[in-house]
Amino acid sequence: MSKELSVNPLEAEAIHIFREVVSQFEKPVLLFSGGKDSITLVRLAQKAFWPAKVPFPLLHVDTGHNFPETIEFRDRLAKELGVELIVRNVQDAIDAGKVKEETGKYASRNSLQTVTLLDALEEFKFDAAIGGARRDEEKARAKERIFSVRDDFGQWDEKNQRPELFDMLNGKIDLGQNVRVFPISNWTELDVWSYIEKEEIEIPSIYFAHKRKTFVRDGMIWSAEDDIVYREEDEVVEERLVRFRTVGDMSCTAAVLSDAVSIDKVVGEIRESTISERGARIDDKRSEAAMETRKQQGYF
Amino acid sequence: MLRGNRFTLITSTFNLQPNIMEVLKIATAGSVDDGKSTLIGRILYDTKSLTTDKLEAIETRSKANGFDYLDFSLATDGLVAEREQGITIDVAHIYFSTAKKSYIIADTPGHIEYTRNMVTGASTSQASIILVDARNGVIEQTYRHFFINNLLRIKDIVVAVNKMDLVDFSEEKFNAIKAEFEKMVANSNYKEQNITFVPISALKGDNVVGGSANTPWYKGNSILEHLEKLDAQAVYEQGQARFPVQTVVRPKSDEFHDFRGYAGKLYGNDLAVGDEVTVLPSLTKSKIKEIYFFNEKFDKASRGSSINVTLEDNINVSRGDMIVKTGEEPSVQKQLTAKVCWMDSKNLVGGTKYLLQHGVNRVQAIITGVDNVLAPDFSGSEDSDDLSLNQIGEVNIKLAKPVFYDKYAENKTNGSFILIDPQTNHTAGVGFIQ
């Protein structure tokens, strides 16, 4: 019997984009956070170039506030892939006085990542940074191109974006410019989870239900396992059964109550869910235009 | 080395699970105030695709703007400038799914100065929704919207006659608009287009997702019912197999020492192991030896798949070359004529140089001349020596090296190109080869 390949259009599109990146740029890098989206990117990159190995390094901008489970996972994955893992720390930028740490109740290092990211792109002369952002995450992201050109300051000029027609990607840039590339632009959160399930991709344990010391603020559940998330004295710590839908900086990533201990149960929960995943990211709630403003400044 | 790690071990059974669904991409077009964003918001709301936090944000803004109803357009108007001006100024992508399909809507703005965004949104879409305000009927903008859908050969078009609530759901009004639209269609030479008319109220929800008690005279489907019945695969372009090589995969590892794979995305008809093929531009002949998707071999691949192909013979193939079935070779030319939609503020004039990107292939191009500008209402063309932003016209181009193309009507992907301004690197225009 003839064995015919069935097409998953989203997967085929992402692979096409990866192959364009390595063909059109001198020195691409994959921005790896240890989260499910960047783990999915790694799998797609493997598929794009097999049997050759992934032809670019991974870059992690470490806020110093990452979940330890994510860091452990990151190191193991890079080793198995046999690709170089570059880690640059936000702490270094703080120590050098380049950025000022936020203080108070909603203090987060999330927005501080931008400076460290731009410095790292400059240091290694990366001309393309591949990221796992999706258009369904947020309204400003919905307008992002697949090849998104940034100027020398890493800025996004949202009013002057290159039109992207058919499958044709224009990655021509001047010296000093770089491009952010988003291969899973057209995937939804559910698409990513379904793919992880189908492909049996391993993800960090914090994505599954586990017992954790937590406290509640503004109707959201925060980790109290260590001192990274600022907590006021009257905010009571309780052990709850929770999981995380995204694994950003601990200080801005809230947990959800869940008993989903396996991938099929997580996918089931996502299907039923009525809160978007960014609803649990306090960094987007600062103002209605929070994401757009950060992107103009060079945020990924 | 990938061998032995857990990623290569578990992929021995690559099958699509039912949870990877059919994807249908839709473009929308409408004039300012036709209610396009409201329609999309309504679809999201009625398919329960708006999450609680997004709904809350819409409620907050609607109240702040002093509305006594939910302003669904706030679900899609993404950029700060747009919210301030209350208009959509760029292509936004919106996602929702039903039990049957995943949908991607390219929300493209309708005012005259943003033709380029409409063309962009439509270029990746298989179906299209054109909005008409029931009070105003077919207006100049409607001609332009249909013209672009026609130029891009969008197979399936839904004409949503909106704001029916404001004309008392009048059947006469609806039929009059339909008749007027059909008069315009008579001028089109793309006869295979399916056009469906639906009377709707995006604000109230009539015939958008469910039916309507207000239009007992309308026996057709609601917009979503119609879209659910479309076969996303069948509305892709047909045509002969075209396999442009994106990159050559040479692992040079112990296990795959002599492996030489040609990676790319397949367009047109199927490609199968054993097919006799010709490589362009060298015209070298060989046979398909293996078709890989990741680490698994297949006998056959269909359009839209991103595969890695090996050939029986050790021949020289590089990026930008194209593998086709022998006997099905496309035109190989250093000159072409195309309809071009101009997208740059600097006019397109004869004698200027651009980079022409055809698929993954880039060649130096010189514009030998602009013939004319097409009136976007099918009324004909006007002689012109240049094309300005948002104009569409017929252009002659000479190339430094030949490209291997089809007519746009025969293969959309292999019949289109973009022009890149070598000074700014901007994508300045898109062409549809005649």
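Because the structure is a prediction, the values reported are computed rather than measured.

The rules we used
Residues numbered from 1 in each chain as written. Chains lettered and ligands numbered in written order. Predicted model: local features only at pLDDT ≥ 70, side-chain atom pairs only at ≥ 80, totals over all residues. Helix = DSSP H or I, 4+ residues; strand = E, 2+ residues; numbered from the N terminus. Buried ≥ 20, exposed ≤ 12 C-beta atoms within 10 Å, placed from the backbone. Contact = placed C-beta atoms within 7 Å. Domains from an automatic or database assignment. Nonpolar A, V, L, I, M, F, W, Y, C, P; charged D, E, K, R; others polar. pLDDT = per-residue confidence, 0-100. Core = buried A, V, L, I, M, F, W, Y, C linked by C-beta atoms within 7 Å. Axes fitted to C-alpha atoms, helices over the stretch in contact; angles between N-to-C directions. Parallel < 35°, antiparallel > 145°, perpendicular 65-115°, else oblique. Left-handed = near helix turned anticlockwise from the far one by under 90°. Pairing = 2+ DSSP bridges.

1. Examining the overall build of chain A
Point 1. Within chain A, the regular secondary structure consists of 8 helices and 10 strands.
Point 2. Within the span of chain A, comprising 300 residues, buried residues form 55% of the whole.
Point 3. For chain A, the proportion of contacts with a sequence separation of at least 24, taken over those separated by at least 6, is 76%.

2. Here we look at the environment of B:G205
Residues and elements named next belong to chain B.
Point 1. You can see G205 is positioned in the loop between β6 (194–199) and α8 (223–229).
Point 2. On the basis of neighbour counts, which here come to 17 C-beta atoms within 10 Å, the residue G205 falls in the partly exposed class.
Point 3. With 166 residues separating them in the primary sequence, G205 and L39 have C-alpha atoms 8.3 Å apart.
Point 4. Leave out the neighbours within four places in its chain, and G205 touches R42 and D46.

3. As for the environment of A:D249
Point 1. With respect to the helices, strands and loops of the structure, A:D249 is situated in the loop between β9 (238–244) and β10 (255–257).
Point 2. Sequence-wise, A:D249 and A:N66 are 183 residues apart; in three dimensions their C-alpha atoms are separated by 5.3 Å.

4. As for the domain arrangement of chain B
All names here are of chain B.
Point 1. With domains assigned, chain B is organised as domain 1 (22–235), domain 2 (238–325) and domain 3 (331–433).
Point 2. Taking the mean C-alpha position of each, domain 2 and domain 3 sit 29 Å from one another.
Point 3. Tallying the contact residues gives 11 residues for domain 2 and 11 residues for domain 3.
Point 4. Per-element tally for the side of domain 2 that touches domain 3: the top contributor is strand β7 (residues 242–249), with 3 residues.
Point 5. Of the residues contributing to the side of domain 2 that touches domain 3, the split by class is 5 nonpolar, 4 polar and 2 charged.

5. Here's the deal with the interface of chain B and chain A
Point 1. Residue-level contacts link 64 residues of chain B with 56 residues of chain A.
Point 2. A total of 4 residues in the side of chain B that touches chain A trace back to one element, the largest contributor, which is strand β2 (residues 92–97) of chain B.
Point 3. Of the residues belonging to the side of chain B that touches chain A, the class tally is 28 nonpolar, 25 polar and 11 charged.

6. A short note on the confidence of the model for chain A
Point 1. Here chain A shows a mean pLDDT of 86. Residues at 70 or above account for 89%.
Point 2. Within chain A, no element has a lower average pLDDT than helix α8 (residues 290–296) of chain A, which sits at 57, and none a higher one than strand β1 (residues 28–31) of chain A, at 98.

7. Here we look at the nonpolar core
Point 1. Counting residues in hydrophobic clusters, the biggest one holds 182 residues, and the most contacted among them are A:L30, A:V181, B:A160 and B:V161.
Point 2. At 8 residues, the largest contribution of residues to this core is made by helix α1 (residues 9–24) of chain A.
Point 3. Beyond its immediate stretch of four places on either side in the chain, A:V181 contacts A:I17, A:V21, A:A128, A:A129, A:I130, A:I146 and A:F147.

8. Things to note about the packing of helix α2 (residues 36–49) of chain A against helix α6 (residues 189–199) of chain A
All names here are of chain A.
Point 1. Their axes nearest at 10 Å, the elements α2 and α6 cross at an angle of 50 degrees. Relative to α6, the element α2 is oriented oblique. The hand of the α2/α6 crossing is left-handed. In contact with K36, D37, T40 and R43 of α2, α6 contributes V192, Y195, I196 and E199.

9. Considering the sheet that holds strand β2 (residues 58–62) of chain A
All names here are of chain A.
Point 1. Read from one edge to the other, the open sheet built from 6 strands follows the order β3-β2-β1-β4-β6-β5, with strand pairing classed as mixed. Each edge of the open sheet is held by one strand with a lone partner, namely β3 (85–89) and β5 (147–150). Taking each pair of neighbouring strands and ignoring which way they run, the sheet shows an average axis angle of 30 degrees.
Point 2. Strand direction decides the pairing type here: strand β4 (residues 128–130) and strand β6 (residues 178–181), joined by 3 bridges, are parallel. In the strand pairing of β6, I130 is matched with V181.

10. A closer look at unusual backbone geometry
Point 1. With an omega dihedral of 5 degrees, the bond running from A:W50 to A:P51 counts as a cis peptide bond.
Point 2. Here A:P51 shows up in the loop between α2 and β2.
Point 3. In this chain, B:L280 is followed by B:P281 through a cis amide linkage whose omega measures 5 degrees.
Point 4. With respect to the element layout, B:P281 can be found in the loop between β10 (276–280) and β11 (284–293).
Point 5. Backbone geometry at B:R153 places phi at a positive 55 degrees, although glycine is not the residue there.
Point 6. Mapped onto the elements of the fold, B:R153 is located in the loop between α6 (140–151) and β5 (156–162).

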